[in-house]
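Breakdown of the fold
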Amino acid sequence: MNIADLLDEAAARTPGAPAVCEGAAVVHDYGELAARSRAIGAALLGEHGARPGDRIALAMRNTPLYPEVLFGAWWAGLVAVPMNARLHPKEFAVLAGDCGARVCVATDELTGPLRDHGLGVRLVGAAELAAAGPVPAGPPAAVAPGDPAWLFYTSGTTGRSKGAVLTHRNLRAATDSALADIGTGVDASFLHIAPMSHAGGLFGLAHVARSRAQVFPRGGVVDAETLGEAMRAFGPVSFFAVPTILRRLLDPALLPDEPAGLVHRILYGGAPMYAEDLRQVIARFGPGRLWQGYGQGESPGTITYLPPEDHAATAGSRLESVGRARTGVEVRVVDQDDTDVPAGTVGEVIVRGDTVMAGYWNDPAATARTLRGGWLHTGDLGRFDERGYLTLVDRAKDLIIAGGSNIYPREVEEVLLRHPSVAEAAVVGAPDPEWGELPAAFVVSAPGRTVTAADLEDHCLGQMARYKRPRRYEFVAALPKSSYGKVLKTELRGLLGQPRPDHPG
């Protein structure tokens, strides 16, 4: 059960169908994509010294090379470790080191910074790897269903990213669930405007299973010209978007009305989305084009869904929910003893099914906590209604989601505390109309020292990805704390003057 079988099956069924496209051009058909992936897999095993089961880190922006490398790794029996292309080089190094990557494959614009900062593992340019010569046709490597296929680095209460181990069975189950629940939504080309390292890549698997084209805007640029070009050439198209991008697509300057008519299905999720914003999206695109998915890296994009027919209910609670349980997944809302609570009662959302990860990479303690009793404990709080629709009301963790990207407050706080003029720091999410949330930092200066927002901006940019840095600083004499010395972040959020968003979409 190698997930690479999806590509081999598509190539055998429809070898001449467009598989990878850029702008208005077909880069590879399915027969060619399968051949290119075999060549890349063979090169990773040969000249680059990988062995089946090794981890291959991917520091790649969206590019037509991405599907080749991803399926090439799987064809060779390797474990893909897609990483957010917006990370700081030091952060790439941490993840590559954590998973013990044998090789890191990077796109051109990232190879220089990664080499300059000392990645710590063998660095190979994606273009160089893609130039590998052809190899004889052959099936993907034999793997067990429970063997790792994808390490999905996700959030953690400690601030340290944890690698959710997604097996070949997990990816196949998530793909089958998408085929069942998205339905005709995958009967279109798939336009990659969200990073393939996350939900965009996972939803792309269902489109490979249907032999649909994977379309990349020309040059990786997303604007009115490139979107219009790709949609006219390969429309109708479906795509995945986080709420930030959905809000931007309301502007005809980014997506004019004519190509907007070529949108077949919008798959969205991954971050809080206000119901009023969603009503504006419905007003522009119509309810029949929208499909919401709620999931986590630990059950990749596969917990609940809100299908197009439910988007027609623009009044009432249904539009504010995240829908019903996905096909092949059991979802419960429980109390602290893991006992089901009645409809309308808030509890923790827990999940079971073949989509749920095998565990966290090299972290048995976190695995045991999260998968206790055979159920994934999401850390999200929600309530069911009488019809089985789930509404999320809060997060048990203090995770900040900015435009679909996870930001861990503890991680940002640790960077701030490295500044010699900072004695204490606490980071919380501040509501933002465009991004959903943005980090806000409360800072206590060290005795006898002063520090400015400009000082801390420079400090953070030198140590973390730009999108993680605080956008607002509040300099205070002391942080509010409980009698046990714990920082009271609820009070800090109150000082910002607004509650956090209450509708994760």
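Residues numbered from 1 in each chain as written. Predicted model: local features only at pLDDT ≥ 70, side-chain atom pairs only at ≥ 80, totals over all residues. Heavy atoms only, no water.

Here's the deal with the overall build of the chain
When helices and strands are counted, the chain shows 17 helices and 25 strands. Here the C-alpha radius of gyration of the chain, 22 Å, is about what a compact globule of 505 residues would show, namely 23 Å. Counting only C-alpha atoms, the chain reaches 70 × 55 × 50 Å along its principal axes. When each of the 505 residues of the chain is scored for burial, the buried share is 58%. Of the contacts formed within the chain by residues at least 6 apart in sequence, a portion of 69% connects residues at least 24 apart. For the chain, the computed accessible surface area is about 19000 Å², with 52% contributed by carbon and sulfur atoms. Across the chain, the 49 positively charged side chains and the 57 negatively charged ones have centroids separated by 2 Å. (Helix = DSSP H or I, 4+ residues; strand = E, 2+ residues; numbered from the N terminus. Rg over C-alpha atoms; globule rule 2.2 N^0.38 Å. Buried < 20%, exposed > 50% of the residue type's maximum accessible area, 1.4 Å probe, protein only. Contact = heavy atoms within 4.5 Å. Areas by Shrake-Rupley, 256 points an atom, 1.4 Å probe, with all protein chains shown as cover. Lys, Arg positive; Asp, Glu negative; His and termini not counted. Charge placed at Lys NZ, Arg CZ, Asp CG, Glu CD.)

Digging into the packing of aromatic side chains
Here a ring pair, both rings aromatic, is described through the centre-centre distance and the interplanar angle of the planes. The final tally for this structure, using the stated rule, is 7 aromatic pairs. Within the aromatic cluster, the residues linked to one another by ring pairs are Phe71, Trp74, Trp150 and Phe152. One cation-aromatic arrangement involves Lys162 over Tyr360; the distance from NZ or CZ to the ring centre is 4.9 Å. When the ring centre of Trp375 is taken as origin, the NZ or CZ atom of Arg332, which lies over that ring, is 4.7 Å away. (Phe/Tyr/Trp six-rings, centres within 6.5 Å; stacked < 30°, edge-to-face > 60°. Lys NZ or Arg CZ within 6 Å of the ring centre and 35° of its normal.)

Structural notes on helix α1 (residues 5-13)
Along α1, the residues that are buried comprise Leu6, Leu7, Ala10 and Ala11. Around the axis of α1, the buried residues are gathered within 130 degrees of arc, so they sit on the same side. On its buried face, α1 is in contact with α2 (30-45), α3 (65-75), α7 (168-182) and α8 (199-209). (Arc of directions from axis to C-beta.)

Some words on the nonpolar core
Counting residues in each nonpolar core, the largest one holds 67 residues, and the members touching the most others are Trp74, Val105 and Leu171. By residue number, the principal contributor to this core is α3, which donates 8 residues. (Core = buried A, V, L, I, M, F, W, Y, C linked by side-chain atoms within 4.5 Å.)

A word on the side chain of Glu348
If you trace the backbone, Glu348 turns up in strand β17 (residues 347-353). Polar contacts involving the side chain of Glu348 include one to the main-chain amide nitrogen of Gly379, which spans 2.8 Å. Residues within four places of Glu348 in sequence aside, it is in contact with Arg332, Val333, Val334, Arg372, His377, Thr378, Gly379, Asp380 and Leu381. (Polar contact = N/O pair within 3.5 Å; in protein donor to acceptor, adjacent residues only side chain to side chain.)

A word on the sheet that holds strand β25 (residues 472-475)
On the basis of which strands lie adjacent, the open sheet formed by 3 strands has the order β23-β24-β25 and mixed pairing. If you trace the sheet from one side to the other, it starts and ends with β23 (422-432) and β25, each paired once. For this sheet, the mean angle separating the axes of adjacent strands, direction not counted, is 25 degrees. Note that β23 and strand β24 (residues 436-445) share 10 bridges and pair antiparallel. Counterpart to Ala430 in the pairing with β24 is Leu438. (Pairing = 2+ DSSP bridges. Axes fitted to C-alpha atoms, helices over the stretch in contact; angles between N-to-C directions.)

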